[in-house]
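Here are the chains, one letter per residue:
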Amino acid sequence: MSNPILREKLASGKFFVVPGVQDMIATVVADKVGFDVIYGTGYWLTASAYGLPDAGIASYTQMVDRMATVARTSKAALIADADTGYGGLLNVHHTVRGYEQAGVTAIQLEDQEFPKKCGHTPYKRLIPLEDMVQKIKVACDARADKQNTLIIARTDARQSEGLDGTLRRLEAYAKAGADVLFPEALTSEEEMRTACATFDKPVMANMANGGLTPVPNARVLAELGYAFAIYPSLTSLVAVAAMEKALVDLKEQGEGDPQGIANFKEFCSMIGFEDVWAFEAKWAPPV
């Protein structure tokens, strides 16, 4: 059974923020901070695991394994990027089943051609609206836990079909049964407000640092009418900047113990070493 917390938060009508996690370290940190919903980002999980761009190169098998590891590591409800469903209708069916069995709470599908591209990069191509409607219907039907497993319908139509095309597609996806609507890569707060006001279903925002969409404060997003916002790139780009600075300092100055570094003993506890030590104390022979 899927984690019910996401549906409960959506039903409350109170705006909330969802951090993206690119690896298991980010996942345990999000748990420590107290987030009860996290986002398994396709771009950054692919980058961290395989060193590859988000261009449809990672397979369903690779991604469902990564999502299962995130779900097993975290206590939070997991929203997971499932790209295009990794193919046609049969692929969508098996993607939903596999993600749900992996512990995913909400499964995000998009209307790009396969292989897809990151929504904030060029050369995106869309499938026909009618084809995506069928994918949404198949995804909704495939769920074992129809009460708590949610289907998120994303459209990448803004750059090729404009805002009108974006709204037209989302209306069709809502009628097909999508629980949450995701207009990707909107380019202004005015567009964001219009998208939220158009539908009586929850609309989510993608706050991609350096992308095509403005990244206002969460208070502004709530005022615009969003149900929640994901921050897929935040932890990754912060980590990249910190790692690069530390490595430059190491290379140029020989500094291997900089100020502001995380506490090693605390991290050992976060990652589960206390359980290992307790086991060793009980079962390992004395030395």
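Structure report, in brief. (Residues numbered from 1 in each chain as written. Predicted model: local features only at pLDDT ≥ 70, side-chain atom pairs only at ≥ 80, totals over all residues. Heavy atoms only, no water.)

Let us look at the pairing of strand 1 (residues 16-21). Of all 6 residues that make up strand 1, 5 are buried, and the element is covered over most of its length. Sheet analysis places strand 1 next to strand 8 (residues 228-231), joined by 4 bridges and oriented parallel. Each residue of the ladder has a partner; that of Val-18, found in strand 8, is Ile-230. Strand direction decides the pairing type here: strand 1 and strand 2 (residues 37-40), joined by 2 bridges, are parallel. (Buried < 20%, exposed > 50% of the residue type's maximum accessible area, 1.4 Å probe, protein only. Helix = DSSP H or I, 4+ residues; strand = E, 2+ residues; numbered from the N terminus. Pairing = 2+ DSSP bridges.)

All right, on to the packing of helix 5 (residues 89-102) against helix 6 (residues 129-142) then. At their nearest, the axes of helix 5 and helix 6 sit 9 Å apart, and the two run at 35° to each other. As helix 5 runs across helix 6, the sense of the crossing is right-handed. Residue-level inspection shows Leu-89, Val-92, His-93, Val-96, Arg-97 and Glu-100 of helix 5 in contact with helix 6, the latter providing Gln-134, Lys-135, Val-138, Ala-139 and Ala-142. Looking at the contact of helix 5 with helix 6, its residues break down into 6 nonpolar, 2 polar and 3 charged. (Axes fitted to C-alpha atoms, helices over the stretch in contact; angles between N-to-C directions. Left-handed = near helix turned anticlockwise from the far one by under 90°. Contact = heavy atoms within 4.5 Å. Nonpolar A, V, L, I, M, F, W, Y, C, P; charged D, E, K, R; others polar.)

With respect to the helices, strands and loops of the structure, Glu-191 is situated in helix 8 (residues 189-198). Given the relative accessible area of 11%, Glu-191 is considered buried. A polar contact of 2.9 Å, which involves the side chain of Glu-191, links it to the side chain of Arg-158. In contact with Glu-191, other than residues within four places in its own chain, are Arg-158, Leu-163 and Leu-186. (Polar contact = N/O pair within 3.5 Å; in protein donor to acceptor, adjacent residues only side chain to side chain.)

The 8 strands lie next to each other as 6-5-4-3-2-1-8-7, forming an open sheet whose pairing is parallel. Two strands in the sheet have a free side with no partner beyond their single neighbour: strand 6 (180-183) and strand 7 (204-206). Ignoring which end each strand starts from, the neighbouring axes of this sheet average 25° apart.

The next thing to look at is the layout of surface pockets. Rolling a probe over the atoms, with the probe sized like a water molecule, indicates the empty space that remains. For the largest pocket, the calculated volume is near 1,100 Å³. The wall of the largest pocket is formed by 39 residues, among which Ile-25, Val-29, Ala-239, Ala-242 and Ala-262 lie closest to the centre. Residue assignment for the lining of the largest pocket shows that the elements contributing at least two residues are strand 1, helix 2 (24-33), helix 3 (42-50), helix 10 (234-253) and helix 11 (264-271). For the lining of the largest pocket, the element with the most residues is helix 10, which contributes 11 residues. Among the residues making up the lining of the largest pocket, the classes are represented as 26 nonpolar, 8 polar and 5 charged. By volume, the second largest pocket is sized at about 310 Å³. Forming the walls of the second largest pocket are 24 residues, and the residues nearest its centre are Tyr-43, Trp-44, Cys-118, His-120 and Ala-208. By residue number, the principal contributor to the lining of the second largest pocket is helix 3, which donates 3 residues. Each residue belonging to the lining of the second largest pocket can be placed in one class, and the counts come to 9 nonpolar, 10 polar and 5 charged. (1 Å grid on protein atoms, 1.4 Å probe; cavity = no way out; pocket = protein on both sides within 12 Å on 5 of 7 lines; lining within 4 Å. Points joined across faces, edges and corners; volume = space filled by probe spheres on them.)

The subject of this paragraph is the side chain of Arg-158. With respect to the secondary-structure elements, Arg-158 resides in helix 7 (residues 158-175). Reaching out from Arg-158, the side chain makes a polar contact with the side chain of Thr-187 at a distance of 3.4 Å. When neighbours within four sequence positions are excluded, Arg-158 is seen to be in contact with Leu-163, Thr-166, Glu-184, Ala-185, Leu-186, Thr-187 and Glu-191.

What follows concerns unusual backbone geometry. Peptide bonds are mostly trans, and most non-glycine residues show a negative phi. Of note in this structure, Asp-83 is not a glycine but carries a positive phi near 50°. Residue placement: Asp-83 occurs in the loop between strand 3 (77-81) and helix 5. Positive phi values are uncommon outside glycine, yet Ala-185 reaches one of about 60°.

Further remarks concern the packing of helix 6 against helix 7. Interhelical geometry of helix 6 versus helix 7 gives an angle of 30° and a closest axis separation of 9 Å. Comparing the axis directions of helix 6 and helix 7 gives the class roughly parallel. The way helix 6 lies across helix 7 gives a crossing that is right-handed. Of the residues in helix 7, those in contact with Leu-129, Met-132, Val-133 and Ile-136 of helix 6 are Arg-168, Arg-169, Ala-172 and Tyr-173. Class assignment for the residues of the contact of helix 6 with helix 7 results in 6 nonpolar, no polar and 2 charged. (Parallel < 35°, antiparallel > 145°, perpendicular 65-115°, else oblique.)

None of this, on its own, says anything about what the molecule does.
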